[in-house]
Number of protein chains: 2
Amino acid sequence: MSRTRGRPVQGNELTRADIITAALELMHESGEVGLTMRALSARLGVSPMALYRHVEDKAGLIRALSDHVYAAVLQDVPHQANAALMIRTMLSRYHDAVCKHPQLTLAIFANPQAFAGVTAQLTERLAKCLQQIAANPLLWRDVLVDHVHGSALALVSSQGDQAHAQAMRLQYQQALELLLESIVRGTVSDPKTLEGRAP
Amino acid sequence: MSRTRGRPVQGNELTRADIITAALELMHESGEVGLTMRALSARLGVSPMALYRHVEDKAGLIRALSDHVYAAVLQDVPHQANAALMIRTMLSRYHDAVCKHPQLTLAIFANPQAFAGVTAQLTERLAKCLQQIAANPLLWRDVLVDHVHGSALALVSSQGDQAHAQAMRLQYQQALELLLESIVRGTVSDPKTLEGRAP
DNA sequence: ACCTGAACACCGTTCAAGT
DNA sequence: ACCTGAACACCGTTCAAGT
C-alpha cells in the first residue's frame, strides 16, 4: 500500500513541489492558521528543519505558494488585442486562482514579505488596458482588483459551503460584466489627474 | 509623572475600555501579528490571564475591537431618505472605520469566530437602498463592499506610508462617486433573479 | 548535499491558588 | 470579584551534529 499524499516515494528526496502541494492541501483543510511549518513537516514525514533546505522562510513558503497558484494568470495574454477582452481574461484567471485558494490571499496580506510580483504585474497591465477604454483607468483598476480581493475574503468567511462558493463565482462573473459595461459607457465627470495605488 | 498609556491610574481596576484602546495601539504599531494576549497584557502592566476576566478569548477580543470600531457606521442613518445619499454615508463611514484600523479587517477575516454583526446589518441595509436605484442591487452591493475590503488590504500592504494612505482615501471617494453614477445610469442587461452572498 | 535533535524565545489557554 | 504563577501544548527558527 502506497501513500496517497506526502512524499510520493518513501526514501526519495524531499522536493519543493512536494512541499507546495502539501502546503496547499493543509491550507484547505485547516485554513491559514493551520498552515504551520511543523504541521507541514509532519504531513511530509520529515523533520521541521528539512523544509528550510527548500524554502527560505515561512514568508518564502507563502511566496512560493502564490507564485505557483498565480503562475497561469498572465501567461499568453496577447499584447495587441481587444482591451475589454484582455481585462476579462486576466481578471477571470486571477479570480479563478484566488477562488481555488482563498486562504492564500489572507496569508499573503498577513505576511507582507510574502507579496509576490504577479499582483504588481497584473495591476500594471490592467491599467494599460483600461487606458484604452476607460475615462478613469486607475480608479476602475482599483475597483476591479479590490472586487477580486474582497470576494476572496467573503469566500474565506463562508468556509466550506461549496454551493455558496459556486454561487459566488457566478455572481462575480456577472458583476464583472456589469462593471465592464459601466466602464465603456462611462464618461469623465472630473478629468483631473488621479494617482493610482501602485507599488 | 503619570503614565500616558496603559491603565490610566495605577492600582485601579483593569477595564474593558483600557484593553480595547491598548489593543488598537498595539495593532497600529506591530500589525495583526503583533497583537498577542501576552504583549497586550505586558503593555497594560498586568498578567496575561487578567485579560480573560474582561474578554472571553482572543477571538472575543477581536470581536470587541470591531464592535468598538464599527459602532458609528450605522448610527442615525435615517430610514426614509434619498437612497444614494444613504449609501454614500454608510459606505463612507464604513470605509473611514476600516481605514483607521486596516489591520483589523485582516484580523477579523483570519479569525472567523470574531466576525461582528455590523457587517451583516450593513450589507442588508445597503441591499435595501440599492433596490430603489439599481437594476442589479445584490451585484452592486458586493462590488461596493468588496471595494471597501479590498482597499483595506491595499492599505495593509502599503504599511505606514501616510501620504500614500491619504491619496488612497481620496481615490476611494472618487471611485465611490463613479460607481454611484454607474449604478443610477445602469439598466438591466440580464433580468434573471440573482442571489446575493448574504447569510 | 540533505536531513535530524536539541534548544530558545515565543504563542494561547487551563488550572489551582492568592487577596 | 479580580488577579497571579506555574504549567501544557503549541509556534518559528538557530545552531551543532549526523550521513
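Residues numbered from 1 in each chain as written. Chains lettered and ligands numbered in written order. Predicted model: local features only at pLDDT ≥ 70, side-chain atom pairs only at ≥ 80, totals over all residues. Heavy atoms only, no water.

**With respect to the overall build of chain A**
- A tally of regular secondary structure across chain A gives 8 helices and 0 strands.
- Reading chain A from its N terminus to its C terminus gives the helix and strand order α-α-α-α-α-α-α-α.
- The buried share of chain A, taken over its 199 residues, is 52%.
- Taking all contacts inside chain A whose residues are at least 6 apart in sequence as the whole, residues at least 24 apart take part in 69%.
- Roughly 9800 Å² of accessible area belongs to chain A as shown, and the carbon and sulfur atoms make up 52% of that amount. (Helix = DSSP H or I, 4+ residues; strand = E, 2+ residues; numbered from the N terminus. Buried < 20%, exposed > 50% of the residue type's maximum accessible area, 1.4 Å probe, protein only. Contact = heavy atoms within 4.5 Å. Areas by Shrake-Rupley, 256 points an atom, 1.4 Å probe, with all protein chains shown as cover.)

**Focus: the protein's contact with DNA strand C**
- The local shell around DNA strand C holds 16 residues, among which Ser47(A), Arg38(B), Met49(B), Tyr52(B) and Asp57(B) are the closest.
- Near-protein atoms of DNA strand C (within 4 Å) split between backbone and bases, with sugar and phosphate holding 49%.
- Between a phosphate oxygen of DNA strand C and a main-chain N or O atom of Ser47(A), the distance comes to 2.7 Å.
- Between Arg53(A) and DNA strand C, the recorded distance is 2.8 Å, taken from a side-chain N or O atom to a base nitrogen.
- Of the residues assigned to the surface near DNA strand C, the class counts are 7 nonpolar, 3 polar and 6 charged. (Near = heavy atom within 4 Å. Polar contact = N/O pair within 3.5 Å; in protein donor to acceptor, adjacent residues only side chain to side chain. Nonpolar A, V, L, I, M, F, W, Y, C, P; charged D, E, K, R; others polar.)

**A short note on the protein's contact with DNA strand D**
- In the region of DNA strand D, 16 residues are neighbours, and Arg38(A), Met49(A), Asp57(A), Ser47(B) and Arg53(B) sit closest.
- One of the side-chain N or O atoms of Arg53(B) is found 2.7 Å from a base nitrogen in DNA strand D.
- The residue makeup of the surface near DNA strand D, split by class, is 7 nonpolar, 3 polar and 6 charged.

**Things to note about unusual backbone geometry**
Residues and elements named next belong to chain A.
- Even without a glycine there, the phi angle at Asp76 is positive, about 60°.
- Along the chain, Asp76 turns up in the loop between helix H3 (58-69) and helix H4 (83-100).
- On the basis of relative accessibility, which here comes to 71%, the residue Asp76 falls in the exposed class.

**Quick notes on the confidence of the model for chain A**
- Put simply, chain A has an average pLDDT of 88, and 88% of its residues get 70 or more.
- Taken as a whole, residues 188-195 of chain A scores under 50 in pLDDT and shows 12 contacts with residues more than four places along the chain or in a different chain. (pLDDT = per-residue confidence, 0-100.)

**As for the relation of the copies chain B and chain A**
- Aligned on chain A, chain B shows an RMSD of 0.0 Å; the corresponding rotation is 180° and the shift along the axis is 0.0 Å. The transformation just described matches what one would write down for a two-fold rotation axis. It is Gly150(B) whose C-alpha, among those of chain B, lies nearest the rotation axis, at 2.5 Å. (Least-squares fit on C-alpha atoms with pLDDT ≥ 70 in both.)

**A word on the environment of Cys129(A)**
- Positionally, Cys129(A) belongs in helix H6 (residues 117-133).
- Sequence separation between Cys129(A) and Leu85(A) is 44 residues, and the spatial gap between their C-alpha atoms is 9.4 Å.

**Observations regarding the nonpolar core**
- Counting residues in hydrophobic clusters, the biggest one holds 115 residues, and the most contacted among them are Leu40(A), Tyr70(A), Trp140(A), Leu40(B), Tyr70(B) and Trp140(B).
- With near-sequence residues (within four places) excluded, Leu40(B) lies in contact with Ile19(B), Ala22(B), Ala23(B), Leu26(B), Leu51(B) and Leu61(B).
- Grouped together as the second largest cluster of nonpolar side chains are 10 residues, Phe109(A), Ala110(A), Leu153(A) and Ala110(B) included. (Core = buried A, V, L, I, M, F, W, Y, C linked by side-chain atoms within 4.5 Å.)

**Comments concerning the environment of Asn12(B)**
- Along the polypeptide, Asn12(B) turns up in the segment before helix H1 (16-34).
- On a C-alpha basis, the gap between Asn12(B) and His54(B) in space is 15 Å, while along the polypeptide they are 42 residues apart.

**Considerations on the pattern of salt bridges**
- Tallied over the entire structure, the rule returns 12 salt bridges over all chains.
- The shortest N-O distance in the salt bridge between Asp142(B) and Arg141(B) comes to 3.1 Å.
- The structure contains a network of salt bridges with shared partners spanning Glu25(A), Glu29(A) and Arg43(A). (Salt bridge = Lys/Arg side-chain N within 4 Å of Asp/Glu carboxyl O.)

**Describing the packing of aromatic side chains**
Residue and element names in this part refer to chain B.
- The final tally for this structure, using the stated rule, is 4 aromatic pairs over all chains.
- Measuring from centroid to centroid gives 5.6 Å for Phe109 and Phe115, while their planes differ by 90°, and the two rings are edge-to-face.
- On the basis of relative accessible area, Phe109 is assigned to the buried category, the value being 7%.
- Here Phe115 falls in the partly exposed class, since its relative accessible area comes to 32%. (Phe/Tyr/Trp six-rings, centres within 6.5 Å; stacked < 30°, edge-to-face > 60°.)

**Some details on the interface of chain B and chain A**
- Contacts between chain B and chain A engage 42 residues on the former and 43 residues on the latter.
- The interface formed by chain B and chain A includes 0 salt bridges.
- One can count 4 residue pairs in polar contact (both at pLDDT 80 or more) joining chain B with chain A.
- Residue assignment for the side of chain B that touches chain A shows that the elements contributing at least two residues are H1, helix H5 (102-110), helix H7 (137-157) and helix H8 (162-185) of chain B.
- Looking at the side of chain B that touches chain A, the element that brings in the most residues is H7(B), giving 14 residues.
- Each residue belonging to the side of chain B that touches chain A can be placed in one class, and the counts come to 19 nonpolar, 15 polar and 8 charged.

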